[in-house]
Amino acid sequence: MNREIYDLCRWVIDTAKKYGATDSKARMSRRKFVEIRYRDRKPEVVKEATTRGLNLDIYIGGKFSSQSTPDLRKDALEDFIKKAVDNTHFIEDDQARSLPDQKYYAGRIDKNLQLADPEHNELTPEKQHEIAKTIENSCLEKTGDKVISVEAGTNKSEWEELILTSNGFEGTTKTTDCWAGASVTVADEGDRRPNGYFWAGARSLADMPSLDYIGEEAARRTLDLLGGKKIKTVTLPVIVENRVVGNLLNGFLSGLYGGNIQQKRSFLANKKGEQVAANLFTIIDDPLIEKAFGSRLYDGDGFPAKQRTIVKNGTIENFFIDWYYSRKLNCEPTTGGTSNLIIPPGDKSPEMLMKDLGRGILITGFIGGNSNSATGDFSIGIIGKLFENGVPVQSVAEMNIADNHLNFWNKLAAIGNDPWKYGDWLTPSLVFSDVMVAGI
Amino acid sequence: MGYFENEFGINDNLCQMLLEKALSKGGDFADVYFEHTIENWLMLEDGKVNRSYGNILLGVGIRTVKGDQVGYGFIQELTKESMLSAAATAASLVNENSRPVASSYKSLKTPNYYPFNDSTIDIPLQSKLPVVKAINEKCFSLSNLIIKVNAGFHDSIKRILIYTSDGVKAEDILPRNFLFASTVAKKDGRTEQSWYNFGGRRDFSYYSVGMAEKLSEIVVARTVNLFDAIQPPAGEMPVVLGPGVTGILLHEAIGHGMEADFNRKKISTYSNMLGKKVAQPFVTIIDDGTNPQQLGSINVDDEGIPGKKTVMVENGILTSYLHDKISAKHYGVEPTGNGRRQSYEHYPQPRMRNTYMLGGKEAPEDVIKAAKNGIYIEDVSNGQVKIGEGDFAFYVSQGRMIEDGKLTAPIKDVNIMGNGPKMLENITMVANDLQLHEGGAGACGKGGQSVPVSFGLPTCLVKSMTVGGTRQKGGAS
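Residues numbered from 1 in each chain as written. Chains lettered and ligands numbered in written order. Predicted model: local features only at pLDDT ≥ 70, side-chain atom pairs only at ≥ 80, totals over all residues.

A. Structural view of the domain arrangement of chain B. All names here are of chain B. The domains assigned to chain B are domain 1 (3-228) and domain 2 (233-472). For domain 1 versus domain 2, the distance between C-alpha centres works out to 23 Å. In this assembly, 39 residues from domain 1 lie in contact with 29 residues from domain 2. Among the elements of the structure, strand E1 (29-45), strand E2 (48-66), strand E3 (69-75), strand E5 (146-164), strand E6 (168-187), strand E7 (190-200) and helix H5 (209-225) are those that each provide at least two residues to the side of domain 1 that touches domain 2. Among the elements that take part in the side of domain 1 that touches domain 2, E6 stands out by supplying seven residues, more than any other. Split by residue class, the side of domain 1 that touches domain 2 holds 19 nonpolar, ten polar and ten charged. (Domains from an automatic or database assignment. Contact = placed C-beta atoms within 7 Å. Helix = DSSP H or I, 4+ residues; strand = E, 2+ residues; numbered from the N terminus. Nonpolar A, V, L, I, M, F, W, Y, C, P; charged D, E, K, R; others polar.)

B. The arrangement of the sheet that holds strand E16 (residues 425-426) of chain A in detail. Residue and element names in this part refer to chain A. The five strands are arranged E10-E9-E8-E11-E16 in an open sheet whose pairing can be described as mixed. Every interior strand has two partners, whereas the edge strands, strand E10 (315-316) and E16, have only one. Sheet analysis places strand E8 (residues 283-285) next to strand E9 (residues 308-312), joined by three bridges and oriented antiparallel. In the sheet register, Ile284 faces E9, and the bridge partner there is Thr309. (Pairing = 2+ DSSP bridges.)

C. Expanded view of the packing of helix H3 (residues 125-143) of chain A against helix H4 (residues 211-223) of chain A. Residues and elements named next belong to chain A. Following both chains from N to C, one finds H3 and H4 inclined at 40°, their axes separated by 7 Å at the closest point. As judged from the angle between their axes, H3 and H4 are oblique. Here the hand of the crossing between H3 and H4 comes out right-handed. Of H4, the residues touching H3 (which contributes Ile131, Thr134, Ile135, Glu136, Asn137, Ser138, Cys139, Lys142 and Thr143) are Leu211, Asp212, Ile214, Gly215, Glu216, Ala218, Ala219, Arg220, Thr222 and Leu223. Taken together, the residues of the contact of H3 with H4 break down into eight nonpolar, six polar and five charged. (Axes fitted to C-alpha atoms, helices over the stretch in contact; angles between N-to-C directions. Parallel < 35°, antiparallel > 145°, perpendicular 65-115°, else oblique. Left-handed = near helix turned anticlockwise from the far one by under 90°.)

D. Quick look at the pairing of E5 of chain B. Residue and element names in this part refer to chain B. Of all 19 residues in E5, 15 are buried; the element is thus mostly enclosed. Pairing geometry for E1 and E5, over 15 bridges, is antiparallel. Counted as the bridge partner of Asp31 is Thr164 from E5. In this sheet, E6 lies alongside E5 in antiparallel orientation, the contact comprising 17 bridges. For Tyr163, the partnering residue across the bridge sits in E6 and is Lys169. Taking the residues between adjacent antiparallel strands as the criterion, E5 and E6 are bridged by three residues, where Gly167 takes a positive phi near 95°. (Buried ≥ 20, exposed ≤ 12 C-beta atoms within 10 Å, placed from the backbone.)

Next comes the structure, spelled out in structure tokens:
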């Protein structure tokens, strides 16, 4: 962010004070992105824009509101700030509401997390067209005469923010990312047209997998869905594939957030220090990994980022507690949300795990479903492959698993060596024993 | 009307210039979409309305279309120079000779399906506070099992202005608002929670302390009810869908597959079914933008086509997909007014509005009796569908067992799984009690865009669906 934006952000803080705010936090951000999609060997979508905005948190004692606007003209902003402060007067006083104590801002690590690629501008729209074309080609070659449709594409974006608070916090972040992938539909029996996808992303193009691999992987994953049907309700081991572990993990994590704990909506509220899962289950939150999607030097409250063990050998060591809920819960804050989540990988590939198990279901996708943060009960649809003698024999669809997280994570029996690379939760494939999969 | 001209100086001459730029390198047509949205949230937690959130959206999106190809640029700064640069981005899709645009613009006149006297957004916060606070007091008074109450009021006003290269100018003001409540209850060491809302495109007079109390009664009953709930056995069984909000199942399982973009690309399971029998003769399914005050109603869609009522399935025959301009041209039909977008940052796609099935002849109790043994679904959430396969899954948030033709124990924490075309075929009875859902929170996601929608259903029997529980059929829990 340049000096002009810094000065404008400082002016916003001063203006909020002028109209009666006792404290405030201003966040200016800017995002530039380009999206290109191909289908039938021609561009289907070309989209480009730059957006920007101000988010302003206002405190009048314990009265709080948060307002945002894209209109950064100074006269429009002054009117916006005045109205925002005026409206905050009508909010009821909440003694827990304030900016964090300044002492919690201290200790930020001075490290270049390499979240912005200096060569990002060299990824021109022309190159993006070539990327989309290459992926479409490799995908079409692999799908052969089964193909109905391939939509290949790529996005790139550049994002930066500046945060200032009236009590001394300053933070700037700049990131870049690029993504490429394809969505594929193939012909199956009757009117079934299975659709699969594969997308990969990185902070820079140089860290992306090969474009041919991306196209072929999208095709392979779609062809794998052919012949999907439900089978008889059965209890057997399942392997949850790395890229979809987050769908299950999310339900477990919902019990660890300060808001849910304070609002009595957490099935894990009283379980800190207790073993709630198998010994194999460890989760680490690490915001300081270079180039990773969840990396940051400070969190949403401005607290310095640090590595934390959330669950160690099945025992809860830390909750995610932000400043506001730490005051309501009368405890020390940690951090309000996840950064990069790591489940330490094992030493076997999914193929080796299938061989070890003999018969089971490899879950490659979830559909619908729900997880109840108050009780830990969940129910979710699955898509995947039945394997026998370690080899996939049948695609399965329209099936479901249901359990309680306090029971389910105790069934964790093995961990794959394949942490997912293209997101901020670096989850490997996980094996759970004795899972009832409902079908016919 | 004339809001954008008065506030931002947007006029015919400027828009003609933008459209000319958008078609300067060719293309079939272009449009310009201005939006100014103001939205607010008031939230109650631990007995106090202790926070409010506000957001403003302001910008313009410019689209160039050639066949099924889309060039799109958008910008927040409404200066001529910035807007021309967004138009140039849209134009970069093609590289041919320029196409002329209309020289004059006719204002579209439509009925107003959501008139209001008092825009909720203009009502001062201090008038909204008592309604939200009433929820807290009422919920705690209704049951001593309640340990936490959260409530809130959301409202927005979205102003849009559309210019099309074929000479249409359309302007609209879309209100959206809802009052919501959630409660947590504890009994014998067990915790349960539930949520409900009332709303739509309403006038502020729709909301009152009385409504807040009615909402509280519903949400407390739903929460406390869960203490008696069991999980049904897993496997295939008859399913009765109760009236109203269960129409979301129709939206997900059937409606998405009938959106014409999926069909022109041949990636929907319904791609070859137009004109064919897809359901019993007593099944008629409609997508409608014209229901008064309903959340999915639109006076005009986001491409400048008037809001309409579209019969998708008539007496069991698939009669129409849901079209935007691109798919209508592809199929050689009139657009159905389903071209919708989340905001100026997005280009339109075929999207549903209010989707419902017409009522049949049966009495609701006869439908339940006919199911004999199965489950009755009162409310569902978290629906998801795979368009190409037609497979879908839903979470049942409120329901009951049906045993020997009667409603018995409440059920909880189960999913239902099915296949859209199979479910349509398997609807064997339809009751005479169609209800449209009276909510304001419904949002449908597609292609990274969320738009407000509503739905409705009469009680109906699906002869077989997969229920995902933790008990084997005939086994112990």
